[in-house]
Structures are given as C-alpha cells and as structure tokens.
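Understanding the architecture of this molecule
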Amino acid sequence: MRFLVKIMVVFLAFISLASFKKPQQNNEWVYEQEKKGIKVFTKKGKWGNLRDSKAVMLVNGTPQQIYELLTDFNNYSSWYPRCSKSRILARLSENEMIIQLHFNAPWPVKDRDCILRVKTVRDANGTITIYQTSEPKYVREEADVVRIQQIQAIWKLTPKNGGTEVLNEYASNPGGNIPDWMTNSQSVETPMATFETIQDKTTGKK
C-alpha cells in the first residue's frame, strides 16, 4: 500500500510540473505602456539581455507618406532618438538599400553604430512592409564606436480607418557592457519616443 501511495505522489507531482509552463511566457508579448494612442509591448530578447519591443499606433496620413519618412535615411539624425549621423551607403535596387546609423550613448557607455540592409515589400491592399537586417561587415568599423552585430526589425504600414496603422517590431544585441536596467528601459523608451516623433511629423508639428 505504501508503495502505491508513493507512486501516486510522484505521478501527481509530475502532472503538476508538466502543467506549469510559465517560462514559455517569455516568448509572448507583454503589455508595457500606452501613451497618446501608442502601445508598447516587450518580450524576452532574441539575443542578449535587451528585450525585444513591439509598438503600434494609428496615425493620419497614407502608408506612402509614413514610408517616405521612414526611408529618408539621410535625415534620420534630425528626428530619430539618439541618432547623431545617418547615411545611405548603397542603393541595391528600387526596393533595397544599405544604410548606416550612428547612435549617441549616455556616458560611460560607448556610442553604437549599425549597418542595415533595408528591403521594401508592397502588397496589393496598400500595405507596405519594411524589413531591416544587420550587415555588420559591409563597411569597416569606426574607432571608439561599437558596431551592433545583430539587428532584426520590421515596419508594417497598413491602411486602416482612413489613416495608417504603424507597427514596428525590433530585436537587437547592442553588444559591449551595458547595464541591464539601461537596456531594458530603452526597450520601452526608444519605441515610444520614435512613435511620438512620427505622430508629430504626420500632424505637421515640428
């Protein structure tokens, strides 16, 4: 009898552990913040400690108008958060290019830069999707600047309710020694600041 009781206890414990799948929630988007109609979500990072981010909002204007802002890479330094320099390195085709962005980092963290391959896909329903993937070896690294080796991002611009639904998903590994509190705060603050600026640009604010 005692033997059967032990077997039953072990069996129940196994069932309990099998049904406890909380770690899988790390791969699900978690709501973080909403402001001015902008919703930001995060989840466990694809690489390193920086959480992946997702932001979504509805703005006035057409997908094409938002697209022109997002692909005017020579002028990113005038509006994109912490971007101090930006340039188009090569136009590979009408829908594909290579760009470089340089970001100022708060002391004592070193500045970062990244090289991205940017590809545009247009759907028949008017949706425009921009894919961004890292190309870290495309040009030589600069002195005292850390090259971000891994980036994967997507912008999706969908016609909706007379405006455009803007969705951005972003994953990166910034590299180097960055405190966890700083990387994780940026996973919310950066997309929020970026989307707020897009709102201002589409409504004519400066």
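See the structure shown above.
Reference entry: report on the structure contained in this document.

Analysis parameters
- Residues numbered from 1 in each chain as written.
- Predicted model: local features only at pLDDT ≥ 70, side-chain atom pairs only at ≥ 80, totals over all residues.
- Heavy atoms only, no water.
- Helix = DSSP H or I, 4+ residues; strand = E, 2+ residues; numbered from the N terminus.
- Buried < 20%, exposed > 50% of the residue type's maximum accessible area, 1.4 Å probe, protein only.
- Contact = heavy atoms within 4.5 Å.
- Areas by Shrake-Rupley, 256 points an atom, 1.4 Å probe, with all protein chains shown as cover.
- Phe/Tyr/Trp six-rings, centres within 6.5 Å; stacked < 30°, edge-to-face > 60°.
- Lys NZ or Arg CZ within 6 Å of the ring centre and 35° of its normal.
- Pairing = 2+ DSSP bridges.
- Core = buried A, V, L, I, M, F, W, Y, C linked by side-chain atoms within 4.5 Å.

1. Looking at the overall build of the protein chain
When helices and strands are tallied, the protein chain shows 3 helices and 10 strands. Its helices and strands taken in sequence order, the protein chain reads α-β-β-β-α-β-β-β-β-β-β-β-α from the N to the C terminus. Burial statistics for the protein chain: of 206 residues in total, 39% are counted as buried. Across the protein chain, the fraction of contacts at a sequence separation of at least 24, relative to all contacts at a separation of at least 6, is 50%. Looking at the protein chain as shown, the accessible area adds up to about 12,500 Å², and 52% of this sits on carbon and sulfur atoms.

2. So, the packing of aromatic side chains
One pass over the structure, following the stated rule, counts 7 aromatic pairs. On the basis of an interplanar angle of 55 degrees and a centroid distance of 6.1 Å, the ring pair of Y80 and F103 is categorised as tilted. Here Y80, found in the loop between α2 (63-70) and β4 (83-93), pairs with F103, found in strand β5 (residues 96-103); they are 23 residues apart in sequence, far enough to count as distant. Residue classification places F103 among the buried residues on the basis of a relative accessible area of 16%. Here the aromatic cluster, defined as three or more aromatic residues joined through ring pairs, consists of F73, Y76, W79, Y80 and F103. One Lys or Arg, R122, reaches over the ring of Y67 and ends 4.8 Å from the middle of that ring.

3. Focus: the pairing of β5
Burial analysis of β5 places 8 of its 8 residues in the buried class, the great majority of the element. Of the two faces of β5, the one holding E96, I98, Q100 and H102 and the one holding M97, I99, L101 and F103 are both buried throughout. In this sheet, β5 lies alongside β4 in antiparallel orientation, the contact comprising 8 bridges. Paired with K85 across the bridge in β5 is H102. Counted along the chain from β4 to the antiparallel partner β5, the turn is 2 residues long. Pairing between β5 and strand β6 (residues 112-122): 8 bridges, direction antiparallel. Paired with E96 across the strands is K119, a residue of β6.

4. Things to note about the environment of E28
Tracing the sequence through the fold places E28 in the loop between α1 (2-19) and β1 (30-35). In sequence terms E28 and T42 are 14 residues apart; their C-alpha atoms lie 8.2 Å from each other. Every residue in contact with E28, bar those within four places of it in the chain, is listed here: T42 and K43.

5. Quick look at the nonpolar core
Ranked by size, the top nonpolar core spans 33 residues in total, and within it L70, Y76, I99, L101, V166 and I198 carry the most contacts. Other than its neighbours up to four places away in sequence, L70 contacts Y76, W79, I130, W155, L157 and I198.

6. Description of the side chain of E196
In this structure, E196 sits in helix α3 (residues 180-202). By relative accessible area, which is 17% here, E196 ends up buried.

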